[in-house]
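Structural features, examined
Listed below are the residues making up each chain.
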Amino acid sequence: MCTDYVLGNVSGFAKADIVIMDQNLDYAGQEMLYGTHIAAELHKRGFMGILVIMSANSSRLEEAIYKKVPGVDCVCGKHLTINHKNNKIISAWFKKQEFNKKKAKFLEAMSSE
């Protein structure tokens, strides 16, 4: 599965820090895949990077729905300028790094008790 590549579990592939994917992954002759489903699976498997959903359905409501999915760190509408997308992704990156630091400190404190 694609999650193995992202997590670095496939020989010759490094673990990803940032994953950008479409919400609707439609491949001819195959079952429809959704970026949010892959995000949830990566989250469950311990992915520590950020996952960005790119979507043409980027209303505030859609963005809120996507961001409720565990593992989705950022949602970018395809209509946004590249600068706006970059800013959103950079902001999500820094938020995730701060979260990961706090999580590591918490786990360290729990293990020393």
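To be clear, the structure that these remarks concern was listed above.
1. Some words on the overall build of the protein
Each helix and strand in the protein was counted, giving 4 helices and 5 strands. Here the protein, with 113 residues, has 31% of them falling under the buried criterion. Counting contacts in the protein only where the partners sit at least 6 residues apart, residues at least 24 apart contribute 49% of the total. Averaging the positions of the 15 positive and the 12 negative side-chain charges in the protein gives two centres separated by 6 Å.

2. Considerations on the state of the cysteines
Under the counting rule described, the total for this entry stands at 0 disulfides. The thiol of C74 is unpaired, and the distance to the nearest cysteine sulfur, on C76, comes to 3.9 Å. Judged by its relative accessible area of 3%, C74 falls in the buried class.

3. Considering the sheet that holds strand β4 (residues 50-55)
Here we have 3 strands laid out as an open sheet, ordered β1-β4-β5, and parallel in their pairing. Only two strands of the sheet have a single partner each, and these edge strands are β1 (18-22) and β5 (74-77). Strand after strand, the sheet turns through a mean of 25° between neighbouring axes, direction not considered. Here β4 runs beside β5; their pairing, made up of 4 bridges, is parallel.

4. Here's the deal with the environment of F13
Secondary-structure assignment places F13 in the loop between α1 (2-6) and β1. In the structure, F13 is positioned 91 residues away from A104 in sequence and 25 Å away in space, judged by C-alpha atoms. With residues near it in sequence (within four places) discarded, F13 still touches Y5 and G8.

5. Section: the pattern of salt bridges
Applying the stated rule across the entire model yields 4 salt bridges. With a shortest N-O distance of 3.3 Å, E63 and K88 are connected by a salt bridge. Here the residue E63 occupies a position in helix α3 (residues 60-67), and K88 occupies one in helix α4 (residues 82-111), the gap between them amounting to 25 residues.

6. Some words on the side chain of Q23
Within the secondary structure layout, Q23 lies in the loop between β1 and β2 (24-25). Not counting chain neighbours up to four residues away, the residues in contact with Q23 comprise L33, Y34, G35, T36, I53, M54, S55 and Y66.

7. What about the nonpolar core?
V19, M21, L42, F47, L51, I53 and V72 are the most contacted members of the largest nonpolar core, which has 15 residues in total. Among the secondary structure elements, those contributing two or more residues to this core are β1, α2 (35-44) and β4. If one sorts the elements of this core by residue count, α2 sits on top with 3 residues. If near-sequence neighbours (up to four positions away) are discounted, I53 is found in contact with M21, Q23, G35, T36, Y66, V72, C74, V75 and C76. Residues V52, C74, C76 and A92 belong to the second largest nonpolar core, which totals 8 residues.

Conventions we followed
Residues numbered from 1 in each chain as written. Predicted model: local features only at pLDDT ≥ 70, side-chain atom pairs only at ≥ 80, totals over all residues. Heavy atoms only, no water. Helix = DSSP H or I, 4+ residues; strand = E, 2+ residues; numbered from the N terminus. Buried < 20%, exposed > 50% of the residue type's maximum accessible area, 1.4 Å probe, protein only. Contact = heavy atoms within 4.5 Å. Lys, Arg positive; Asp, Glu negative; His and termini not counted. Charge placed at Lys NZ, Arg CZ, Asp CG, Glu CD. Disulfide = S-S within 2.5 Å. Pairing = 2+ DSSP bridges. Axes fitted to C-alpha atoms, helices over the stretch in contact; angles between N-to-C directions. Salt bridge = Lys/Arg side-chain N within 4 Å of Asp/Glu carboxyl O. Core = buried A, V, L, I, M, F, W, Y, C linked by side-chain atoms within 4.5 Å.

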